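Examining the three-dimensional arrangement
The lines below spell out each chain.
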Amino acid sequence: MMTVEQVLASQKANVETLLSLTAKAFEGVEKIVELNMAASKAALAESSENAKAMLSVKDAQELMALQSGLMQPLAEKTAAYSRHLYEIATGTTSELTKAMEGQAAQAQQQFTSMVDAATKNAPAGSEAAVAVMKSAVAAASNALESVQKAVKQATDVAESNFTAMTNTAVNATKPAAKKR
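Residues numbered from 1 in each chain as written. Predicted model: local features only at pLDDT ≥ 70, side-chain atom pairs only at ≥ 80, totals over all residues. Heavy atoms only, no water.

**Some details on the overall build of the protein chain**
Broken down by element type, the protein chain carries 3 helices and 0 strands. Overall, the protein chain shows an N-to-C arrangement of helices and strands of α-α-α. What you see for the protein chain is a C-alpha radius of gyration of 28 Å, clearly larger than the 16 Å of a compact globule of 180 residues, by over 25%. If one aligns the C-alpha atoms of the protein chain with their principal axes, the spans along those axes are about 95 × 30 × 10 Å. Within the span of the protein chain, comprising 180 residues, buried residues form 13% of the whole. A separation threshold of at least 6 residues defines the contact pool for the protein chain, and within that pool the share at least 24 residues apart is 75%. Roughly 12900 Å² of accessible area belongs to the protein chain as shown, and the carbon and sulfur atoms make up 65% of that amount. In the protein chain, which carries 17 positive and 18 negative side-chain charges, the distance between the mean positions of the two groups comes to 7 Å. (Helix = DSSP H or I, 4+ residues; strand = E, 2+ residues; numbered from the N terminus. Rg over C-alpha atoms; globule rule 2.2 N^0.38 Å. Buried < 20%, exposed > 50% of the residue type's maximum accessible area, 1.4 Å probe, protein only. Contact = heavy atoms within 4.5 Å. Areas by Shrake-Rupley, 256 points an atom, 1.4 Å probe, with all protein chains shown as cover. Lys, Arg positive; Asp, Glu negative; His and termini not counted. Charge placed at Lys NZ, Arg CZ, Asp CG, Glu CD.)

Rendered as C-alpha cells:
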C-alpha cells in the first residue's frame, strides 16, 4: 500500500504536471495569436499597396497582369502561414504528448510497484491470481506502447501529406499566374 507521504507526493507531482501542461498549451495559443497578428498586419499593408497599384492601372490588360502577378505571392503566403500554423500545432502537441507519456510511464511504474508490493503480501494459494494480474499489467503496457507507435506513425504520415499538399498548391498557382 502507498503511504500518506507517497500519496501526497503523487498529488503534488500531478498538480505540477497539470500546471506545466497548461503553461505549454498557453504558449501554443500565444504563438498562434502572434502569428495571426503578424499575418493581419502584413495583409493590411499588402492590401493597401495592392489598392494603390489597382488605382494606378490604365487599362484592362494592365489590370489582368496585376491580378495574375498577385496570385502567386498570395498562394505562397497562404502556404507559409499554413505551414507555420501547422508547426505551432504539432510542436505544442508534441510537447504535450511527451509530458503525458512521461506521466503515463511514471503512473505505470507506480502501479507496477504497488502490484509487486501487493503480491509479496498475497496469501498462500493466490499465485494464479497474481500471475493473471501481472499478465494484465504487461498486456496493458504493451498496448500503450503500440498505441504510441501508431500515433507517431500517423503523425508522420499526416505531416508528409500536409507538406506535399502545400507544395502542390503553391506549384499549381505558378502556371496559372504565368498564363495570364
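**Some details on a nonpolar patch on the surface**
Taken together, the side chains of Val29, Val33 and Met37 present a nonpolar region at the surface, about 270 Å² in accessible area. Of note, methionine 37 is situated in helix α1 (residues 4-55). A relative accessible area of 48% means that methionine 37 is categorised as partly exposed. (Patch = residues over 30% accessible without salt bridge, like charges linked within 9 Å, V, L, I, M, F, W, Y side chains within 5 Å. Salt bridge = Lys/Arg side-chain N within 4 Å of Asp/Glu carboxyl O.)

**Quick notes on helix α2 (residues 60-120)**
An ideal rise of 1.5 Å per residue puts 90 Å on 61 residues; α2 measures up with 88 Å between its terminal C-alpha atoms. Within α2 the residues assigned to the buried category are Ser68, Gln72, Ala75, Ala79, Tyr86, Ile88, Thr92, Gln103, Val115 and Thr119. (Expected span 1.5 Å × (residues − 1).)

**Considering α1**
When the terminal C-alpha atoms of α1 are compared, their 76 Å separation across 52 residues agrees well with the 76 Å that a helix rising 1.5 Å per residue should span. Where α1 is concerned, the buried positions are Ser10, Thr17, Leu21, Gly28 and Leu35. The inward-facing, buried residues of α1 contact α2.

**Focus on the environment of phenylalanine 26**
Within the element layout of this structure, phenylalanine 26 appears in helix α1. The exposed category is assigned to phenylalanine 26, whose relative accessible area is 58%. Each C-alpha atom, one on phenylalanine 26 and one on threonine 92, is 9.4 Å from the other, the two residues being 66 residues apart in sequence.

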